[in-house]
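Notes for the structure review
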Amino acid sequence: MITLLKNIAGSTLHLFYPHVCTGCGSDLLQEDQLLCIRCLHHLPHTNFAQLAGNPVEKYFWGRIPLTAAYSEFYFSKAFLMQHLIHQLKYKGDTNIGFYLGEMMGKSMLKSTRFSSIDALVPLPLYAAKEHKRGYNQATVICNGIAAVMNIPVLNGAVIRQEATETQTRKHRTERWENVKDSFKVAKAGELNGKHLLLVDDVVTTGATLEACGNVMLQSAAIKLSIATLAYAAK
Ligand SMILES: [Zn+2]
């Protein structure tokens with residue numbers, strides 16, 4: 001009887017608050033799921049977490065000394081991934097970011113390459129941008145990873161300062177200098193002695209992660225690894 005009542009209540013709620021798949025809009029999914037079976041099946045996992053010398057690590061060779069690096073998904077292969085990241089970044093859907101972060105955590109738990117990570121550092125946004133969006137998507141992803149790996153997220157340990165001029169007006173080299181100089185370690189004491197995982201949503205050229213990571217390595221005695229939700233293969 002209670003089950004019946006629960007089902008009726010559930011169905012009624014469903015009428016007013018349709019629960020649909022974040023990926024495709026289908027309503028054929030279980031109450032507590034964000035993605036339907038079909039979308040789950042189509043998620044373009046890279047399986048790079050286990051793989052030393054994977055393409056994401058190669059991106060950073062000669063640019064920054066990393067213990068390990070990986071991306072959970074391919075970005076360019078499927079519309080699905082682009083859609084999910086768009087929902088996370090521009091539609092305020094933090095649930096999907098947390099959920100995909102949990103998937104990253106599960107992949108890293110399966111790999112010995114990430115077993116010595118002590119804490120997570122979300123790639124910081126400019127304060128004005130984060131304020132406008134209401135959150136940092138990298139922090140949302142970190143929270144998902146943290147829930148699975150049971151390690152802390154160091155919010156505010158690394159910050160990003162406002163550029164003084166509009167970056168688009170600048171020469172390419174100056175623009176790079178600007179990115180490089182925009183990161184600052186605010187709490188070196190929190191970082192010292194740790195193996196840190198720097199996290200972002202998508203890696204494209206890797207320039208921003210490289211800049212932030214190098215500032216971290218210069219400012220504190222740490223080991224550094226990098227993980228992103230997706231990898232834009234060239
Ligand atoms: Zn779906």
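Our structure's up above, just so we're on the same page.
Overview of the structure.

Re the pattern of salt bridges
- Counted under the stated rule, the structure contains four salt bridges.
- In this structure, the salt-bridge partner of Glu57 is Arg113, at a minimum N-O distance of 2.7 Å. With Glu57 in helix H3 (residues 55-60) and Arg113 in the loop between helix H5 (94-109) and strand E2 (119-122), this pair connects stretches of sequence that are 56 residues apart. For the residue pair Glu57 and Arg113, the accessibility class agrees, reading buried in each case.
- Between Lys89 and Asp201 there is a salt bridge, with its nearest N and O atoms 3.1 Å apart. Pair noted here: Lys89 is in helix H4 (residues 79-90) and Asp201 is in strand E5 (residues 195-203), with a separation of 112 residues, a long-range link.
- Take Asp201: its relative accessible area is 4%, and that puts it in the buried class.

What about the sheet that holds strand E1 (residues 69-74)?
- Pairing within the open sheet is parallel, and its four strands lie in the order E1-E6-E5-E2. Every interior strand has two partners, whereas the edge strands, E1 and E2, have only one. Adjacent strand axes in the sheet meet at a mean angle of 25°, parallel and antiparallel pairs treated alike.
- Bridge count for E1 against strand E6 (residues 223-231) is five bridges, and the pairing is parallel.

About the cut-offs
- Residues numbered from 1 in each chain as written.
- Predicted model: local features only at pLDDT ≥ 70, side-chain atom pairs only at ≥ 80, totals over all residues.
- Heavy atoms only, no water.
- Salt bridge = Lys/Arg side-chain N within 4 Å of Asp/Glu carboxyl O.
- Helix = DSSP H or I, 4+ residues; strand = E, 2+ residues; numbered from the N terminus.
- Buried < 20%, exposed > 50% of the residue type's maximum accessible area, 1.4 Å probe, protein only.
- Pairing = 2+ DSSP bridges.
- Axes fitted to C-alpha atoms, helices over the stretch in contact; angles between N-to-C directions.

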